[in-house]
Structure formats: structure tokens, C-alpha cells
Amino acid sequence: VKPLGNPTEAALLLWLHDKKAEYLKIRASVEIIQQLTFSTERKYMATLVKSSALNKYLLYIKGAPEIILSKCLSVITPDKDIPLEAVKDSIEEQLLQYQNQAMRTLGFAYKEIEEEHIHTDIKELVNNGLTFLGIAAISDPVREDVPAAVHKCLDAGIDIKIVTGDTPATVKEIGRQIDIWHDD
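As the structure is a computational prediction, the values presented were derived from the model and not from experiment. (Residues numbered from 1 in each chain as written. Predicted model: local features only at pLDDT ≥ 70, side-chain atom pairs only at ≥ 80, totals over all residues. Heavy atoms only, no water.)

### Description of the overall build of the protein
Quick reminder of the rule: Numbered from the N terminus, helices here are DSSP runs of H or I no shorter than four residues, and strands are runs of E no shorter than two. Relative accessibility decides the category of a residue: with a 1.4 Å probe and only protein chains considered, values under 20% of the type maximum give buried, values over 50% give exposed, and everything between is partly exposed. We call two residues contacting when some pair of their heavy atoms lies within 4.5 Å. Only the protein chains shown count as cover for residues, with accessible areas throughout obtained via the Shrake-Rupley method and a probe of 1.4 Å.
Of the regular secondary structure elements, the protein holds seven helices and seven strands. Along the protein, helices and strands appear, N-terminal first, in the series α-α-β-β-β-α-β-β-α-β-α-β-α-α. By principal-axis analysis of the C-alpha atoms, the protein measures approximately 65 × 45 × 30 Å. Counting over 184 residues, the protein shows a buried share of 30%. Considering only residue pairs separated by 6 or more positions, the protein has 58% of its internal contacts joining residues 24 or more positions apart. Carbon and sulfur atoms make up 54% of the accessible area of the protein, which amounts to about 12300 Å² in all.

Encoded structure:
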């Protein structure tokens, strides 16, 4: 089987599989109009599609939840969309809880795009007015052998630095898990 994407995307595909969602069938039901690949500077990616099932143009965006939230005006709920401001604090609190557990987090949003705007640069389409869909939190546990390897390095006089694009809360928890961060 040919792998689809990076480990984070693989985790999302496994989640879909567990939910009995057929990704390839869903993927085949849309036509990609424009794509903006992920970049570490932007911290998100976006795809504009034409959904044959809904007969609509939809812009999907995924990336750093803080960035995604900043582009949203509303949040989808089972009953109706509600203003983001009504639940923003609780979303940010949940996000921090995930990050404090060293979980990799992704935010998701979408927006319907009118046909006359489908050729507008996708970077302009993502600027605002999106509807927040939710957060995925993915556990990426430290391998068993890492703490011992880190301590061997420290014992040999080698300083350890954690370099990541993750949040400070995530880095702190990873440091705690490999026993180089102590609250004192």
C-alpha cells in the first residue's frame, strides 16, 4: 500500500478508517480547483474544491489551531453555526490542555466560495470569514530509548536543545517526558 502523506496525515487517515469513513471515496467526489501547500511560515494549508455531492465550492484549511482560529468568524455545531467569540475561550483552553500533554494539534475550518470567486488567489480566500470545524490532537509519544540516550549525552557534557515548531507548552511537556525539564 502506498503511504498517503506524512505521519500526521497518516494518523488522520487511521482515525477516518476507525470511523468507517472511506477517504478515497470522499476524495474522489471532489475536484481540486486550487491548493496552497503547507509552509512553516504560514503554518497552514488550504484546498479549494468543487464538491459533486453538495454541488458547491468549498475552501478547506488545516494547520496550527491558533492561526486557523484567527481566520474564523463562526464555529460549526450539530444544531447551527455560532459566533466564534461565544466559545473561543473554551476552544483555546482545550487547545492548551492538548498542548500541555505534548499532543500535536491541528485546527480545521472551511468556507463556501461563490463560483465567481473560484479563480481569486487562494491566499486571499483564506484571510477571513471561515467556519471553525474543530481540533485534532494527536499523541506522538517519546520513544522508550530517548530519555536514556538524552542522559548519556548530558553525562558526556553535551547540552541538549529541543528545536521544534510546536508550542512552548508542548516543548515543556516533551522536556518533562525525557527528564530534562523540571518545574523547579
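Resuming the write-up.
### Notes on the environment of Gln94
Mapped onto the elements of the fold, Gln94 is located in helix 4 (residues 88-100). Take Gln94: its relative accessible area is 30%, and that puts it in the partly exposed class. With 19 residues separating them along the chain, Gln94 and Ile113 place their C-alpha atoms 29 Å apart.

### Examining the packing of aromatic side chains
Let me state the cut-off plainly: Pairing of aromatic rings covers Phe, Tyr and the six-membered ring of Trp, with a centre-to-centre limit of 6.5 Å; geometry is then stacked below 30 degrees between planes, edge-to-face above 60, and tilted otherwise. Placement of a positive charge over a ring is assigned whenever Lys NZ or Arg CZ falls within 6 Å of the ring centre and within 35 degrees of the normal to the ring plane.
Going through the model one piece at a time under the given rule, you end up with zero aromatic pairs. Positioned above the aromatic ring of Tyr44, the side-chain terminus of Arg42 is 5.6 Å from the ring centre.

### Quick word on the pairing of strand 7 (residues 130-139)
Side chains on a regular strand alternate between the two faces of the sheet. This is how the line gets drawn: A pair of strands is labelled paired if DSSP reports no fewer than 2 bridges between them.
In this structure, strand 4 (residues 72-75) lies alongside strand 7, joined through three bridges in parallel fashion. Each bridged residue has a counterpart across the sheet, and for Val75 the counterpart in strand 7 is Phe132. One ladder, built from eight bridges, connects strand 6 (residues 103-113) with strand 7; its direction is antiparallel. Paired with Ala109 across the bridge in strand 7 is Phe132.

### Structural notes on the side chain of Thr105
Residue placement: Thr105 occurs in strand 6. Aside from chain neighbours lying at most four places away, what touches Thr105 is Gly63, Pro65, Leu95, Tyr98, Gln99, Ile135, Ala136 and Ala137.

### Remarks on the pattern of salt bridges
Under the convention used in this document: Any Lys or Arg side-chain nitrogen found within 4 Å of a carboxyl oxygen on Asp or Glu counts as a salt bridge.
Under the defined criterion, the tally for this structure stands at six salt bridges. Among the ionic pairs, Arg143 bridges to Asp145, the shortest N-O distance being 3.5 Å. Overall, the relative accessible area of 59% leaves Arg143 in the exposed class. In this structure Asp145 comes out as partly exposed when scored by relative accessible area, which is 46%.

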